[in-house]
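Chain residues, written in single-letter form:
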Amino acid sequence: MNDELKTILKKVRQLYRKYGIRSVTMDDVSHELGISKKTLYQFVHDKDDLVHKVVELEISDRQERMNISCSDDKNAIEQLLEIAKCISTMLKDYSAASEYDLKKYYPDLYIQVRDLRRNHVFRFISDNLKKGIEEGLYRIEIKVKTVSRLNVALIDNMVDSEVISIPEFMDPLFFNEFFIYHIRGIVNAKGLSFFESHMPELEFHGSSDSKKYE
């Protein structure tokens, strides 16, 4: 995928997030991008092809962000925070309109995206739990598969929840509470000591006022 096509797809992705997929026509795309439809059709065959390429770019970007989050120079707790940041960014970019249109008009593509999202979350959480156990920071009796599946279910439910909205989940206090709740459930004494001693720098939004969580 060349740079010019990537630039086009990123702009189209923003249109889809804002207006949904169904309502954005090829005329809209060429107008917003300031290019002719003839030029646009040099990169894609039709709207279906454009949608598929936008989704492919989104999948690739997510994979790259998750890979960067799992840098080996961080321990499991530090790495988990980076994973959490990455997932929260994905949720922040979530578009209900695009999700609905993808599910209704491109069901095969929707299933592909959903399954890849599930597999990414499951794999990265599983790897993090195993890493934490090996480093002596997490409880050795953790059921890795079970905890990983719980996290997949959480992310799935976040995109279609009537209890907690995505804006609420992204709130600094809520996110930090959630992170602390999860980390305290998986660490052992050593991991808890590390977490508490590094808590200000580990918190998602950088607040050092740990008393607010007591």
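Scroll up a little and you will see the structure.
Residues numbered from 1 in each chain as written. Predicted model: local features only at pLDDT ≥ 70, side-chain atom pairs only at ≥ 80, totals over all residues. Heavy atoms only, no water.

Engineer: Help me out: how do you make sense of the nonpolar core in this one?
Structural biologist: Soluble globular proteins tend to pack their nonpolar side chains together in the buried interior. Core analysis: the biggest nonpolar cluster contains 31 residues, and Ile77, Leu129, Tyr138, Ile183 and Ile186 have the highest contact counts within it. Listed by contribution, the elements that provide at least two residues to this core are helix 5 (76-92), helix 7 (107-134), helix 8 (144-158), helix 10 (172-186) and helix 11 (189-197). Of all the elements, helix 5 adds the most residues to this core, at nine residues. Those residues in contact with leucine 129 that lie beyond four places of it in its chain are Tyr138, Ile142, Val144, Val147, Ser148 and Ile186. (Core = buried A, V, L, I, M, F, W, Y, C linked by side-chain atoms within 4.5 Å. Buried < 20%, exposed > 50% of the residue type's maximum accessible area, 1.4 Å probe, protein only. Helix = DSSP H or I, 4+ residues; strand = E, 2+ residues; numbered from the N terminus. Contact = heavy atoms within 4.5 Å.)

Engineer: Sorry if this is basic, but what is going on with the packing of helix 1 (residues 3-19) against helix 2 (residues 26-33) here?
Structural biologist: Axes are the key here: two packed helices are described by the angle between their axes and the distance separating the axes. Two numbers describe how helix 1 lies on helix 2: the axes approach to 11 Å, and their chain directions differ by 115°. Once helix 1 is placed against helix 2, the crossing between them reads as right-handed. Only Val29, Glu32 and Leu33 of helix 2 make contact with helix 1, whose side of the interface consists of Ile8, Lys11, Val12 and Leu15. The residue makeup of the contact of helix 1 with helix 2, split by class, is five nonpolar, no polar and two charged. (Axes fitted to C-alpha atoms, helices over the stretch in contact; angles between N-to-C directions. Left-handed = near helix turned anticlockwise from the far one by under 90°. Nonpolar A, V, L, I, M, F, W, Y, C, P; charged D, E, K, R; others polar.)

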